[in-house]
Amino acid sequence: MKIFPIPKSIAYSDKRVELRDAEYINDDALEKEEYIIRIESSGTKIITSGKEGRFYAEQTLRQIKEQEVTACVIHDKPKYEYRGFMLDSVRHFIEVGEIKKLIDAMAFMKLNKFHWHLTDDQGWRIESEVYPQLNAASVRKYSDFGRSFDNNAYGGIYTKDEIKDVIAYCEERCIEVIPEFDIPGHTSALLFAFPELSCSGEAVEVKTHQGIFKDVLCPAKDKTLEVILNIYGEICELFTSDYIHIGGDEAPSNHWESCEDCKRKMSELGITSFKEYQNSLMNAVIGALSEKGKTCIVWNDAAEGKNLDSRAVVQYWKENDKATFDFANRGGKLILSPFTYYYTDYGYDITPLNRTVSFNPELKEISSDSVIGVEVPIWTEYISDSETLEKMLFPRAAAVANTAWSGATEYKRFLMSFGTCRKMLEKSGIRFADVWLWKNKRAAMPLGWLRFVKNNYSLNYIKEQLK
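Basis of the calculations
- Residues numbered from 1 in each chain as written.
- Predicted model: local features only at pLDDT ≥ 70, side-chain atom pairs only at ≥ 80, totals over all residues.
- Heavy atoms only, no water.
- Helix = DSSP H or I, 4+ residues; strand = E, 2+ residues; numbered from the N terminus.
- Rg over C-alpha atoms; globule rule 2.2 N^0.38 Å.
- Buried < 20%, exposed > 50% of the residue type's maximum accessible area, 1.4 Å probe, protein only.
- Contact = heavy atoms within 4.5 Å.
- Areas by Shrake-Rupley, 256 points an atom, 1.4 Å probe, with all protein chains shown as cover.
- Lys, Arg positive; Asp, Glu negative; His and termini not counted.
- Charge placed at Lys NZ, Arg CZ, Asp CG, Glu CD.
- Pairing = 2+ DSSP bridges.
- Right-handed = clockwise from strand over helix to strand, strands pointing away.
- Salt bridge = Lys/Arg side-chain N within 4 Å of Asp/Glu carboxyl O.
- Axes fitted to C-alpha atoms, helices over the stretch in contact; angles between N-to-C directions.
- Core = buried A, V, L, I, M, F, W, Y, C linked by side-chain atoms within 4.5 Å.
- Polar contact = N/O pair within 3.5 Å; in protein donor to acceptor, adjacent residues only side chain to side chain.
- Parallel < 35°, antiparallel > 145°, perpendicular 65-115°, else oblique.
- Left-handed = near helix turned anticlockwise from the far one by under 90°.
- Nonpolar A, V, L, I, M, F, W, Y, C, P; charged D, E, K, R; others polar.

S.K.: What should I look at first to understand the overall build of the chain in this one?
M.R.: Secondary structure assignment for the chain yields 17 helices and 19 strands. The C-alpha atoms of the chain give 23 Å as radius of gyration, which agrees with the globular expectation for 467 residues (23 Å, within 12%). Counting across all 467 residues of the chain, residues that qualify as buried make up 56%. At a minimum sequence separation of 6, the contacts of the chain that also span at least 24 residues come to 73%. Of the roughly 19500 Å² of accessible surface on the chain, 48% is carried by carbon and sulfur atoms. Distance between charge centroids for the chain: 6 Å, based on 60 positive and 71 negative side chains.

What follows is the structure, given as structure tokens:
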């Protein structure tokens, strides 16, 4: 039988049997996501210690029902506790119906974390009652992401009721929803509503194209921490997750370098590094949210400041990063999302399926105990429709799901085990990239990247980023 993700162990007999309705048995000795399925001629038994194990056993049983059944004992549990997928709903707004469709697919593959990227330079997607002016930041004047230009205003916001609906939908499928409110960079939409939180106090527009922008929060202003903690407080009341993502990536220091308030604040703190100055703000948030029972996740840019609070979990996207390894070797925890392996918004000529399958989370530079899991992200600067979104994700998201659950990284074994699961996902409406495309094993990395840059970035934009 073909079961996906690959189970921990299957002990077969040579007897064909008829699959019967399952009997559920509780065993508190099993871990919460662990399960045992006994398929015998006398019947089927599912042994678990609770909701999660039962749910995952049922996903396995769904696949077994589609095949010829052999008597067997399946013992299964995940390798990693954190098995995530990330969706960017900012650059392009993803309707709730499409999100639920993706959640169903991810749950079927036993992923258990939904990292929802909800704020950025190009829009604000969380309805706010504490600061209603943020809701106006959900709309940008037009969109120019390189591949196409749309002169119409573009926006969308998730109401609190819609967010609660998504959270409840995920909870039924054993998925935790982790919101992301990114600071101190990627905050143009926030600064549109609160220009006084920038160093200059000048008006900031919601951005209309991709990029890394110099408009960032000013950590020296007392109101900055006040406002963002109030926003995080509202988010914490809405989301039931143990985790909250606070960003920390791609925050240029240009304005801090010329800001007298920042110079004074850095002197008071005895800090000369702008990375450590950034973390003075991040650490204040990490401490405040820790008191609310939340664990903060940050992108690994934040690890470049050696003063990062050790209570944070670092998400590794920038590869071969010594600062991240140092953080882990000091006892810190990591989530791995290496961008040349796991970022599914890049084409298959840049990141072919076999490359995604092949990534081994057991990095030689750190202890394996440092890694709590892996996550597959998709950013939507160049993805404006659900079909493209799904075809970029699938089957690469399945490769990450398999590694997250089983730790397996063998390409042929992945293809052999994925067949039944793939057919079932396709029946549910998930659209896959063309087989000839994702079965191509060659990563045309240099050529692919050059083509990507040429097709998606103007020459002026590239020059601006190199300044």
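Don't stop here, the text continues.
S.K.: I would appreciate a short explanation of the pairing of strand E18 (residues 333-336) in the present structure.
M.R.: Bridge count for strand E17 (residues 313-316) against E18 is four bridges, and the pairing is parallel. Across the sheet, the residue bridging to Val-314 is Leu-334, located in E18. Following the backbone out of E17, through helix H9 (residues 322-329) and into the adjacent parallel E18, one traces a crossover that is right-handed. Bridge analysis of E18 against strand E19 (residues 371-378) gives three bridges, and the strand direction is parallel. Within E19, the residue paired with Ile-335 across the bridge is Gly-373.

S.K.: For this particular structure, what's the right way to read the pattern of salt bridges?
M.R.: Two side chains bearing opposite charge may form a pair once their charged atoms approach each other closely. With the rule as written, the count across this model stands at 30 salt bridges. Across the salt bridge formed by Glu-260 and Lys-263, the nearest N and O atoms sit 3.4 Å from each other. With Glu-260 and Lys-263 both in helix H7 (residues 260-269), this residue pair falls three residues apart, about one helical turn. Between Asp-261 and Arg-264 there is a salt bridge; the shortest N-O distance is 2.9 Å. Taken together, the residues span about one helical turn, with Asp-261 and Arg-264 both in helix H7 at a distance of three residues. Residue Asp-261 is classed as partly exposed on the basis of its relative accessible area, which comes to 32%. The exposure class assigned to Arg-264 is partly exposed, which follows from its relative accessible area of 45%.

S.K.: I keep staring at the sheet that holds strand E1 (residues 9-16) and nothing clicks. Help me out?
M.R.: Either a parallel or an antiparallel arrangement is found when strands of a sheet pair, and the pairing is made through backbone hydrogen bonds. Read from one edge of the open sheet, five strands run E1-E5-E3-E4-E2, paired in mixed fashion. For this open sheet the edge positions go to E1 and strand E2 (22-26), each flanked by a neighbour on one side alone. Taking the axes of each pair of neighbouring strands and ignoring which way they run, one obtains an average angle of 15 degrees across the sheet. Relative to strand E5 (residues 70-76), E1 is paired through five bridges, and the arrangement is antiparallel. Note on E5: the bridge partner recorded for Ser-9 is His-75. This element, helix H1 (residues 51-64), spans E2, strand E3 (35-40), strand E4 (43-48) and E5 of the sheet and lies at about 40 degrees to E3.

S.K.: Help me understand the pairing of strand E15 (residues 243-247), please; the structure alone is not making it clear to me.
M.R.: The two faces of a sheet get side chains in turn, since along a regular strand they alternate between them. Extensive coverage of E15 is indicated by the burial of five of its five residues. Burial of E15 is two-sided: the residues Tyr-243, His-245 and Gly-247 facing one way and the residues Ile-244 and Ile-246 facing the other way are all buried. Sheet analysis places strand E14 (residues 176-183) next to E15, joined by two bridges and oriented parallel. Of the residues in E15, the one forming a bridge with Glu-180 is His-245. Sheet topology note: the E15/strand E16 (residues 295-299) ladder contains three bridges and is parallel.

S.K.: Just to check I follow, could you spell out the nonpolar core for this structure?
M.R.: Nonpolar side chains tend toward joint burial in soluble globular proteins. Grouped together as the largest cluster of nonpolar side chains are 122 residues, with contacts concentrated most on Phe-114, Trp-116, Ile-246, Phe-394 and Leu-425. Ranked by the residues each element gives to this core, the list is headed by helix H2 (residues 96-108), at eight residues. Non-local contacts of Leu-425, meaning those with residues more than four positions away in its chain, are made with Ala-105, Phe-108, Met-109, Phe-394, Phe-418, Ile-430 and Phe-432. Val-216, Ala-220, Ile-271 and Tyr-277 belong to the second-largest nonpolar core, a separate cluster that totals 10 residues.

S.K.: Is there a simple way to explain the side chain of Glu-375 in this structure?
M.R.: For Glu-375, the position within the fold is in strand E19. Among the polar contacts listed, one links the side chain of Glu-375 to the side chain of His-115, at a separation of 2.7 Å. The residues touching Glu-375, leaving out its near neighbours within four places in the chain, are Tyr-82, Gly-84, Phe-85, Met-86, His-115, Gln-315, Ile-335, Leu-336, Ser-337, Tyr-342 and Val-400.

S.K.: Teacher, can you tell me more about the packing of H2 against helix H12 (residues 386-393) here?
M.R.: Between two packed helices, the angle of one axis relative to the other and the distance separating the axes together describe the packing. Relative orientation of the contacting elements H2 and H12 amounts to 20 degrees, with a least axis distance of 11 Å. Our classification of the angle between H2 and H12 gives roughly parallel. H12 is crossed by H2, and the crossing has right-handed handedness. Here Glu-98, Lys-101, Leu-102 and Met-106 of H2 lie close against H12, whose contacting residues are Ser-386, Leu-389, Glu-390 and Leu-393. Class assignment of the residues belonging to the contact of H2 with H12 gives a composition of four nonpolar, one polar and three charged.

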